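The primary structure of each chain is shown beneath.
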Amino acid sequence: MDILQILSNTGSSLIAPATIGYALAALGLAMHFGFTGLLNMGMAAFMAIGAYGYAISILTFGFPWWGGMLVGIGGSLVFALILGIPTLRLRGDYLAIVTIAAAEVVRLLFLTTTFDKYTGSADGLSGYHASFRSFNPIPDGTYGFGPWEYNANGWWVRIFGIAVLALAAFILWAVMRSPWGRVIKGIREDEDAVRALGKNVFSYKLQSLMLGGVFGAMGGIIYALPASVNPGVYVTSLTFFVYTALLLGGAATIFGPIIGSVIFWGVQTLLSNLLPALVNIGVLPFMTTTQSQTVRFILVGVALMLLVIYRPQGILGNKKELTFVK
Amino acid sequence: MSSKDSPAAPVEREKTTGLHKGDIVPGVAKVDPIIIADGIRRTFGGLTAVNVDHVEIPRNAITALIGPNGAGKTTLFNLLTGFDKPDAGKWTFDGHSLAGMGAHKVARLGQVRTFQLTKALGLLTVLENMKLGAKDQIGENIFRGMIPSLWRKQEAEIEERAIVLLKKFKLDAKSSDFAASLSGGQRKLLEMARALMSQPTLVMLDEPMAGVNPALTQSLLDHILDLKDEGMTVLFVEHDMHMVRHIADWVIVMAEGQVVAEGPPDQVMKNQAVIDAYLGSHQDVDLGVVTGRIEGELNTAAIDLAEEVKELDANIAKRKETGK
Amino acid sequence: MNTADYRRTRRKNRRGVLVALIVALSAAFSLMAMPAMADEVNVDEYDNSIIGNVKLNSEPLEGVLLTVSGGGYEVEVATDADGRWKVGVPDGDEFSVTLDESTLPDGIAVIDETGEDDTPNVKEAMIGPSGSTVMNFFIGRGERNVTSFFDQFVERIVNGVNFGLMLGLAAIGISLVYGTTGLSNFAHAEMVTFGAVMALIVSVDLGWPVWIAIPLAVLLSAGFGWTLDAGLWKPLRKKGVGIVQLMIVSIGLSLALRYTFQYFRGGGTEQLPGSDSPDIPLFGSVSLSQTNMISMVVSIVVIVIFAWWLVKTKIGKATRAVSDNPSLAAASGIDVDQVVRVVWILAAAMAGLAGVLWAYFRPGIRWDMGAQILLLVFAAVTLGGLGTAFGALVGSIIVGVLVETSSLFIPSDLKYVGALVVLIVILLFRPQGILGRKERIG
Ligand SMILES: Nc1ncnc2c1ncn2[C@@H]1O[C@H](COP(=O)(O)OP(=O)(O)O)[C@@H](O)[C@H]1O
Ligand SMILES: [Mg+2]
């Protein structure tokens with residue numbers, strides 16, 4: 001068993017593009033769920049729209065990388081409108097079901113062979129990196145130390161991702177301390193009361209859905225930036241995993257979603273390396289290596305249950321500050 | 001409790017009179033109506049909750065809406081404020097037709113309401129609750145919200161106004177607490193104060209006194225009277241007849257969805273229709289059971305009534321105590 | 001880089017991709033130079049395969065759809081730019097390959113060279129000892145071989161009702177639980193899978209006959225429901241956990257259970273005995289397999305018994321009272337805890353039965369089979385109005401028929417989309433569902 005390798009992989013996962021992508025999506029959910037009380041269970045669709053929007057506009061229409069990102073963001077804004085206009089009047093549990101359904105529709109549309117020419121159906125998309133990499137200001141070579149040793153492209157993706165994440169966190173902080181944020185939190189507490197004070201609740205919810213959706217789309221883009229767009233990623237479980245990361249950190253906080261995502265991926269990577277290694281040296285005789293890879297997903301489910309029951313405010317949240325919406 | 005807080009003998013203020021035109025009948029026209037409603041009907045399944053042919057609410061006066069539980073008062077409030085849609089009917093507020101208008105637009109026109117089941121925003125502080133009430137805030141736009149320099153000054157003004165109101169409602173000591181930590185009565189006060197932050201022309205209060213500490217009711221009544229002095233119009237739902245008699249300039253009585261009587265308080269209380277309306281819904285209840293002198297089964301209407309009676313008794317007892 | 005090249009880059013393992021960033025790039029570039037490969041489905045999953053080449057006068061035809069099925073396995077594949085296709089198939093030696101003639105160019109059809117075959121577009125493939133077989137069709141100008149639209153439509157409706165009844169068994173349970181406890185139970189999907197997996201364990205692993213295995217699986221499911229209520233939901237209710245929190249707990253439970261099934265049964269598909277029963281022609285071209293017919297009868301019988309229980313028995317009436325207004329029901333002396341316990345047991349038993357039927361309908365048992373229909377069940381329940389048992393049944397049949405018939409009009413891999421879009425549209429006009437009630441304000 002190579003403990004150093006296991007720790008190194010775990011350390012590396014802390015700033016991996018997937019982690020940054022989750023953190024962005026979790027920030028989006030903090031906006032939706034933590035602050036506005038919208039039980040959006042369709043975050044996977046926002047991420048898919050970001051990633052496919054980016055890849056398709058580069059591959060099919062020859063856009064530059066930044067154009068692709070704008071398309072991904074634009075797509076998520078349009079989706080937020082289409083999703084929000086019919087559903088934002090719905091009660092919490094209906095909203096959850098409808099947003100999952102909408103996300104599933106989006107996923108099936110990307111997966112179907114009907115649009116294979118653009119989406120690659122089950123194969124997904126890849127090979128869209130040239131434009132993004134041509135903008136890489138870092139000279140060729142390998143940089144870093146210990147687990148964090150990457151080549152120029154590896155660093156470019158990570159630095160770009162962290163910059164986007166920082167910007168998103170700043171925007172979320174800035175809007176939530178403003179009177180706009182006060183209305184948003186009021187809606188989470190009781191939307192009828194806020195409506196009675198002359199605020200256009202529907203419009204605020206839609207704005208929240210759009211802003212969080214853009215974070216989600218950027219998360220999807222960063223997630224897909226280094227490698228490929230794989231339709232198997234954007235399943236309902238992705239949304240559930242992001243929720244787990246969000247609740248781990250604290251739903252109604254700015255840094256909670258980020259820390260939650262880092263912990264989520266750190267633990268996932270640790271287990272996915274450690275468990276098979278333990279099986280191989282015979283410490284866990286009752287399971288195979290394949291089974292040991294399934295265990296960590298069982299643990300995600302258990303963790304989600306325990307968190308919601310025993311620490312719904314997350315690691316960073318203040319117990320008094322987080323209730324769950326009605 | 002300091003002697004200043006305890007309610008002094010109620011100071012009788014001048015009642016506004018001469019509000020109506022012609023004979024007093026249900027639906028009588030007013031000299032200067034702020035709300036004129038026609039043919040408002042709302043049914044839930046087979047139940048007709050509201051069926052009002054015509055009603056007018058006089059401007060710059062305090063109007064009480066009374067009637068037994070289930071008379072349709074709250075439903076009428078919901079309809080007038082855009083929280084519910086009627087099956088039929090139209091109504092105007094200050095000359096604007098409101099039929100089909102969304103609740104937030106109604107509020108922006110200056111017609112603000114509170115709820116029977118208090119809606120304090122629990123995880124906002126009392127001060128934040130208040131600030132939320134203010135209208136036309138620059139920082140409530142998402143883009144301008146990101147630039148504090150644009151809204152700091154207005155925010156300071158709003159805060160100042162909020163603190164003045166909180167003082168008046170004796171909530172200033174709580175201003176940085178979460179609203180969730182307030183008592184039921186304090187939440188009612190907060191909800192009313194918050195509604196006033198929007199500087200409305202018509203304030204609609206759904207059972208504002210229910211659950212409020214009797215020591216506070218007198219000052220609450222004074223606040224309501226002050227609103228009139230400041231030029232506002234008040235429409236409120238209340239079960240306590242003493243309070244209605246004490247502050248209302250005009251009383252509208254609903255029963256089974258309809259306006260069965262209206263008029264100045266003294267006259268209305270004597271009206272047979274009113275007595276019927278109240279007794280009507282309680283006919284099947286043995287008062288002895290309600291007050292606890294006789295053992296027996298209580299149905300829901302009776303449970304409500306029993307609670308009202310108990311509350312009244314408690315209020316009276318407390319008032320006697322604090323009055324000394 | 002053009003679309004034809006990048007889309008052939010094979011799907012990659014997520015973690016692998018993160019590590020092999022550079023490898024991926026160079027692979028993508030090297031693929032540009034390679035000749036186009038056949039469109040392949042499930043080739044990595046199975047050792048055996050069927051391959052073919054669809055050509056018209058030696059010109060390749062792209063995008064022709066073929067369906068390979070047999071032994072409960074069914075998969076679709078489309079030809080690539082060279083007209084080639086390849087499908088991995090599980091062990092078993094007979095598969096039927098159907099070429100979808102509607103995907104051929106106009107005026108072109110599969111030609112029957114023997115003059116005796118009514119359906120030349122359907123062929124039987126035998127897998128030889130080599131583990132691979134070639135399957136080609138004669139394509140040319142000619143009359144297409146199609147079942148009449150009406151026959152197809154009727155067949156889909158029959159199938160849809162069958163599917164809908166099965167969904168109904170699951171939907172009634174979700175709806176009862178929602179009605180009595182306010183919980184939107186995402187783990188219901190796993191209660192469906194649980195029933196199927198138990199039936200599999202008893203019938204295949206233990207080798208007991210199916211007619212014992214299935215009732216036993218339903219009993220075990222009922223016990224599972226009771227355990228979940230006693231061990232998890234009841235304590236949470238007592239703790240006063242809010243309904244959104246409960247819903248997220250059910251999501252966590254759903255994930256934990258789903259991967260537990262995968263842990264023990266692996267990622268593959270397994271069959272219950274009798275899943276390859278012969279089709280029995282009914283009328284016209286409509287036929288139903290024996291198991292499907294039994295399944296339909298079982299669903300109807302169970303639903304009728306349930307309806308009788310809900311309407312006529314004391315505990316059934318109590319259940320409806322609790323759904324209507326829990327606090328009032330409690331005040332009038334109904335033991336709400338007992339009602340909820342019974343509801344959990346019943347819901348789980350019906351879900352377990354639905355799982356067994358779903359295993360025959362799909363066909364096959366997989367660790368995530370319940371999750372595959374969860375949204376359809378939710379759609380059904382929502383259409384009917386959350387919390388009304390009969391609404392759930394009506395909604396289920398609508399959804400079942402809709403899903404089955406929609407593939408006559410839209411690509412079959414989008415057949416769930418129709419039902420989900422209808423769900424969204426209905427909620428647009430009736431936010432409380434078809435039969436649901438509106439909530440009070442103020
Ligand atoms: N959303 C609703 N659904 C069904 N019935 C309702 C609803 N809202 C009110 N009702 C019924 O309408 C009648 C009037 O209720 P309400 O306006 O609350 O009376 P009040 O405020 O005068 O006590 C009652 O019988 C009540 O049960
Ligand atoms: Mg009321």
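Residues numbered from 1 in each chain as written. Chains lettered and ligands numbered in written order. Predicted model: local features only at pLDDT ≥ 70, side-chain atom pairs only at ≥ 80, totals over all residues. Heavy atoms only, no water.

Caption draft 1: Structural detail: the UniProt feature "transmembrane region" (unreviewed entry) in chain C. The feature "transmembrane region" (unreviewed entry), as given by UniProt, occupies residues 160–179, 186–204, 210–228, 240–261, 293–311, 342–361, 373–402 and 414–430 of chain C in the numbering adopted here. Structurally, residues 186–204 of chain C is divided into 89% helix and 0% strand, and its ends, taken at the C-alpha atoms, are 28 Å apart. (UniProt positions renumbered as here; feature names shortened; annotations may be inferred. Helix = DSSP H or I, 4+ residues; strand = E, 2+ residues; numbered from the N terminus.)

Caption draft 2: Focus on a nonpolar patch on the surface. Together, A:Phe61, A:Phe63, A:Val71, A:Leu109, A:Phe115 and A:Tyr118 line one region of the surface with nonpolar side chains, adding up to about 510 Å² of accessible area. Residue placement: A:Phe63 occurs in the loop between helix 3 (43–59) and helix 4 (65–87). (Patch = residues over 30% accessible without salt bridge, like charges linked within 9 Å, V, L, I, M, F, W, Y side chains within 5 Å. Areas by Shrake-Rupley, 256 points an atom, 1.4 Å probe, with all protein chains shown as cover. Salt bridge = Lys/Arg side-chain N within 4 Å of Asp/Glu carboxyl O.)

Caption draft 3: Layout of the packing of helix 1 (residues 3–13) of chain A against helix 13 (residues 256–280) of chain A. Residues and elements named next belong to chain A. Running from N to C, helix 1 and helix 13 point in directions that differ by 160°, and their axes come no closer than 8 Å. The orientation of helix 1 with respect to helix 13, classified from their angle, is roughly antiparallel. The chirality of how helix 1 crosses helix 13 is right-handed. Of helix 13, the residues touching helix 1 (which contributes Ile6, Asn9, Thr10 and Ser13) are Trp265, Gly266, Thr269, Leu270, Asn273, Leu274 and Ala277. Looking at the contact of helix 1 with helix 13 residue by residue, the class counts come to 5 nonpolar, 6 polar and no charged. (Axes fitted to C-alpha atoms, helices over the stretch in contact; angles between N-to-C directions. Parallel < 35°, antiparallel > 145°, perpendicular 65-115°, else oblique. Left-handed = near helix turned anticlockwise from the far one by under 90°. Contact = heavy atoms within 4.5 Å. Nonpolar A, V, L, I, M, F, W, Y, C, P; charged D, E, K, R; others polar.)

Caption draft 4: Structural detail: the coordination of the magnesium ion (ligand 2). Residues and elements named next belong to chain B. Looking at the magnesium ion (ligand 2), one finds its protein donor set to be Thr74 (OG1) and Gln116 (OE1), positioned 2.0 to 2.1 Å from the metal centre. Placement of the pair is Thr74 in helix 1 (residues 73–80) and Gln116 in the loop between strand 6 (111–113) and helix 3 (126–133), with a sequence separation of 42 residues. Note on Thr74: relative accessible area 12%, which makes it buried. Given a relative accessible area of 29%, Gln116 falls into the partly exposed group. (Donors = N, O, S within 2.8 Å, 3.2 Å for Na, K, Ca; no water. Buried < 20%, exposed > 50% of the residue type's maximum accessible area, 1.4 Å probe, protein only.)

Caption draft 5: Molecular detail of helix 13 (residues 389–406) of chain C. Residue and element names in this part refer to chain C. For helix 13, which comprises 18 residues, the first-to-last C-alpha distance of 26 Å matches the rise-based estimate of 26 Å (1.5 Å per residue) to within 8%. Every buried residue of helix 13 is accounted for by Ala389, Gly391, Ala392, Leu393, Gly395, Ser396, Val399, Gly400, Val403, Glu404, Thr405 and Ser406. In this structure, the buried side of helix 13 is in contact with helix 4 (149–181), helix 8 (290–312), helix 11 (336–361), helix 12 (369–384) and helix 14 (415–429). (Expected span 1.5 Å × (residues − 1).)

Caption draft 6: Region of interest: the interface of chain B and chain A. Taken together, the 32 residues of chain B in the interface contact 30 residues of chain A. Both sides of the chain B and chain A interface together cover about 2700 Å² of buried area, and 66% of this is carbon and sulfur. Taken together, chain B and chain A are joined by 3 salt bridges. Its salt-bridge partner being A:Asp190, residue B:Lys119 comes within 3.4 Å of it at the nearest N-O pair. (Buried area = accessible area lost by both parts, 1.4 Å probe.)

Caption draft 7: Representation of the domain arrangement of chain C within the structure. When the domains of chain C are assigned, the result is domain 1 (34–141) and domain 2 (149–429). If you average the C-alpha positions of domain 1 of chain C and of domain 2 of chain C, the two centres end up 35 Å apart. (Domains from an automatic or database assignment.)

Caption draft 8: Main features of the packing of helix 4 of chain A against helix 5 (residues 92–111) of chain A. All names here are of chain A. Across the interface, helix 4 lies against helix 5 with an axial gap of 11 Å and an inter-helix angle of 145°. For the pair helix 4 and helix 5, the sense of crossing is right-handed. Residues Phe79, Leu83 and Thr87 of helix 4 form the contact with helix 5, whose own contacting residues are Leu95, Val98, Thr99, Ala102 and Val106. Along the lines of polarity and charge, the residues of the contact of helix 4 with helix 5 split into 6 nonpolar, 2 polar and no charged.

Caption draft 9: Structural view of the nonpolar core. If you look at the biggest cluster of nonpolar residues, it comprises 224 residues, and the most contacted ones within it are A:Tyr234 and C:Trp233. Residues contacting A:Tyr234, with those up to four places away along its chain left out, are A:Ala44, A:Met47, A:Ala48, A:Ala51, A:Tyr52, A:Arg107, A:Ala224 and A:Val229. One finds B:Ile158, B:Leu205, B:Met232 and B:Val234 within the second-largest nonpolar core, a separate group that totals 45 residues. (Core = buried A, V, L, I, M, F, W, Y, C linked by side-chain atoms within 4.5 Å.)

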